Amino acid sequence: MTTHPTTPFDGQKPGTSGLRKKTAVFMQPNFVENFVQATFDAIGGVRGKTLVLGGDGRYFGTEAAQVILKMAAASGAARVIVGQGAWLSTPAASNLIRKRSADGGIILSASHNPGGPNEDFGVKYNMANGGPAPESVTEAIFARTKEITEYAKLDAPDVNLTAIGESHLGAMVVEVVDPVSAYADMMEEIFDFKALRGLFHEGFTMRMDSMCAITGPYAVEILEKRLGAAKGTVVHETPLPDFGGMHPDPNPTWAHELMAEMMGESAPDFGAASDGDGDRNMVLGRGVYVSPSDSLAVIAANAHLVPGYAQGLKGVARSMPTSAAVDRVATALGIDCYETPTGWKFFGNLMDAGRVSLCGEESFGTGSDHVREKDGLWAVLMWLNIIAARGQGVAEILAEHFERFGRNYYSRHDYEALPVDQANAMLNDLRDRLASLKGAQNHSLIVENADEFAYTDPVDGSISAQQGFRILFEGGSRVVLRLSGTGTEGATLRVYLERYVPGPAGLNEDPQEALGPIIRATEEIVGIRARTGRAGPDVIT
Ligand code: VG1
Ligand code: CO
């Protein structure tokens, strides 16, 4: 029998990026089966189709992969291309879907969330363009999870995923591929590997922290093997089911080992980290941290120095809470700049339509139209290529950028695991008061406008409402507030703070101090600390 009866689970609603839950929730009998069957149903079945399958190596990944293979076989899929060991970074999966003209793919990851039996797991569906399913599809999946009565799964022994090669599961071909090589080859096509080899040959030093997650094998292959960086350049390079206890979120809080190294006496020239599934990046120079919004702007301003973008950028896009630093670059370059809701799925249409070639988010996500996901190692190679082409270090590049464009001081404050009702009440209350905020004065800042962001996709006209609250102050400063769609515990409130300084004076302040007035005005308007009883944010990036 391949058909099994089942009943719906509550809450199988994909968030900003796929379905994420505690691992134990995913390990309940039928939980993965229900979600995967709902996904297959929502995309019109998988009969005759080719899928890509892989994940970030976290706990329960191989078990989930076996379930999905048996389900795809029972539903008539023609072929599933799986990364060896069920490993594929998110950008590598996106690349494989595109290169192999697959119909879609399933990525097993909770991305930047920690992994292990007591932490998080996740499942995400990507489309034939290699990008995350748009809201129309995730909504159809969710609707299907609520009415599911049966799923199809072959009764068969597990497939051997440790050896590269083809085998059969029923009539379906299972093709186990090296997870790294196609991705590394693509990087060779985009970047000036000769110049990068020269850079390392001349003694340029780097530390790449893969945080015991999926980029380790990719970074070792590309940086150490193909580019000649010293052995040991990549640290925490072995993917572990629990990420060795690390929280694989590449920001100053969670990548604190790298931060300490880069701010220390014997710091290398360049430092970088990536997240669980390899789509995020943090970059640092010796003694200098680059905020993701600034990184996006610097990459936009210098992309033409990289062979893959020598013709210039078609346009750029950023998520709404990301700083406007890249907007200034776009204006200078005379190209379009789009503002989308949070989440990479909103960039896909713009890239497919040829409107943008570079996208970024304040949450350590940067990428281009080489794939349809953000791409951590790609961003690292962008910086290395720019460094090699300009013959300058990170600090000089950043300082010159600020001198030319001014500086958008930026910070995000996260309040994690708030009671859901409390967080909702606070934001509903803010929604009710939005219109009356205009003209209000708080700590020398006057509210110029306040609204809730809604997005109309310029390509397909679809509308996404309620994508975050914006309070704009006179003079160009602003605060954005929204609830996270990737957390698995309570509600996480994200507060995004931004202030523009044109220069030449005032370009070297501490961001938290430069943003002080906005932080205080936000507290006065929203009352986060007063209402939650929290002394301050849990994570500041
Ligand atoms: C967060 C980030 C968002 C990012 C998403 C997925 O979402 O803010 O910018 O696209 O994570 O990133 P949220 O809803 O929690 O704010 V990843 O690396 O988890 O795929
Ligand atoms: Co990620």
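This structure is a prediction, so every number in the text was calculated from the model and none was measured. (Residues numbered from 1 in each chain as written. Chains lettered and ligands numbered in written order. Predicted model: local features only at pLDDT ≥ 70, side-chain atom pairs only at ≥ 80, totals over all residues. Heavy atoms only, no water.)

Asks: A description of the site of ligand 1 should follow, citing residues and the corresponding values.
Replies: The environment of ligand 1 is made up of 20 residues, and the closest members are Thr16, Ser111, His112, Gly485 and Thr486. Arg20 places a polar side-chain atom, nitrogen or oxygen, 2.8 Å from an oxygen atom of ligand 1. Within the side chain of Ser363, one N or O atom sits 2.6 Å away from an oxygen atom of ligand 1. Residue composition of the shell around ligand 1, by class: no nonpolar, ten polar and ten charged. (Near = heavy atom within 4 Å. Polar contact = N/O pair within 3.5 Å; in protein donor to acceptor, adjacent residues only side chain to side chain. Nonpolar A, V, L, I, M, F, W, Y, C, P; charged D, E, K, R; others polar.)

Asks: Report on helix 14 (residues 394-405), specifying residues and quantitative values.
Replies: Residues spaced three or four apart along an α-helix face the same direction, because each turn holds 3.6 residues. In this model helix 14 runs 16 Å from its N-terminal to its C-terminal C-alpha over twelve residues, within 8% of the 16 Å that 1.5 Å per residue would give. Every buried residue belonging to helix 14 is among Val394, Ile397, Leu398, His401, Phe402 and Phe405, and all of these are buried. Down the axis of helix 14, the buried set is contained in an arc of 130°. They therefore lie on one face. Among the exposed residues of helix 14, those oriented more than 90 degrees off its buried face are Glu403 and Arg404. A positive backbone phi angle near 85° is found at Gly406, which sits one or two residues after helix 14. (Helix = DSSP H or I, 4+ residues; strand = E, 2+ residues; numbered from the N terminus. Expected span 1.5 Å × (residues − 1). Buried < 20%, exposed > 50% of the residue type's maximum accessible area, 1.4 Å probe, protein only. Arc of directions from axis to C-beta.)

Asks: With reference to specific residues and values, describe the sheet that holds strand 20 (residues 441-442).
Replies: On the basis of which strands lie adjacent, the open sheet formed by seven strands has the order 20-21-24-25-26-19-27 and antiparallel pairing. Each edge of the sheet is formed by a strand with only one pairing partner; in this case those strands are strand 20 and strand 27 (539-540). Judged from the five bridges that link them, strand 21 (residues 445-452) and strand 24 (residues 469-473) form a sheet pairing that is antiparallel. Considered in strand 24, the bridge of Glu452 is made with Phe469. Strands strand 19 (407-418), strand 20, strand 21, strand 24, strand 25 (478-483) and strand 26 (491-501) of the sheet are contacted by helix 17 (residues 516-526), whose axis makes an angle of about 135° with strand 26. (Pairing = 2+ DSSP bridges. Contact = heavy atoms within 4.5 Å. Axes fitted to C-alpha atoms, helices over the stretch in contact; angles between N-to-C directions.)

Asks: Tell me what's going on with the coordination of the cobalt ion (ligand 2), and back it up with residues and numbers.
Replies: Around the cobalt ion (ligand 2), the protein supplies Ser111 (OG), Asp275 (OD), Asp277 (OD) and Asp279 (OD) as donor atoms, at distances of 1.8 to 2.1 Å. Counting the intervening residues between successive donors of the cobalt ion (ligand 2) yields the motif S-x163-D-x1-D-x1-D. On the criterion of sequence distance, the pair formed by Ser111 in the loop between strand 5 (104-108) and strand 6 (120-126) and Asp277 in the loop between strand 12 (270-274) and strand 13 (281-285) is long-range, its members being 166 residues apart. Summarising the burial analysis for this pair, Ser111 and Asp277 share the class buried. (Donors = N, O, S within 2.8 Å, 3.2 Å for Na, K, Ca; no water.)

Asks: An account of the state of the cysteines is needed here, citing residue identities and associated values.
Replies: Scanning all chains against the criterion turns up zero disulfides. Of all cysteine sulfurs in the structure, the one in Cys337 sits closest to Cys359, which takes part in no disulfide; the separation is 10 Å. The buried category is assigned to Cys359, whose relative accessible area is 0%. (Disulfide = S-S within 2.5 Å.)

Asks: Describe the side chain of Asn126, listing the residues and the values that go with them.
Replies: As for its position among the elements, Asn126 is in strand 6. On the accessibility criterion, Asn126 (0% relative accessible area) is buried. Within polar-contact distance, the side chain of Asn126 engages the side chain of Glu373 at 2.7 Å. Discounting chain neighbours no more than four positions away, the residues touching Asn126 are Ile97, Gly104, Gly105, Ile107, Gly131, Pro132, Ala133 and Glu373.

Asks: Would you mind going over empty space enclosed by the protein in detail, with residue names and values included?
Replies: Counted under the stated rule, the structure contains six cavities of 30 Å³ or more. Size it by volume and the largest cavity reaches roughly 340 Å³. Lining the largest cavity are 33 residues, and of these Thr16, Ser17, Arg20, Gly343 and Thr486 sit closest to its centre. Listed by contribution, the elements that provide at least two residues to the lining of the largest cavity are strand 6, helix 5 (135-145) and strand 26. Here the lining of the largest cavity is built from residues that sort into eight nonpolar, 13 polar and twelve charged. Among the elements of the structure, strand 19, strand 26, helix 17 and helix 18 (528-532) are those that each provide at least two residues to the lining of the second largest cavity. The greatest single-element share of the lining of the second largest cavity, amounting to three residues, is contributed by helix 17. When its residues are assigned to classes, the lining of the second largest cavity shows five nonpolar, two polar and two charged. (1 Å grid on protein atoms, 1.4 Å probe; cavity = no way out; pocket = protein on both sides within 12 Å on 5 of 7 lines; lining within 4 Å. Points joined across faces, edges and corners; volume = space filled by probe spheres on them.)

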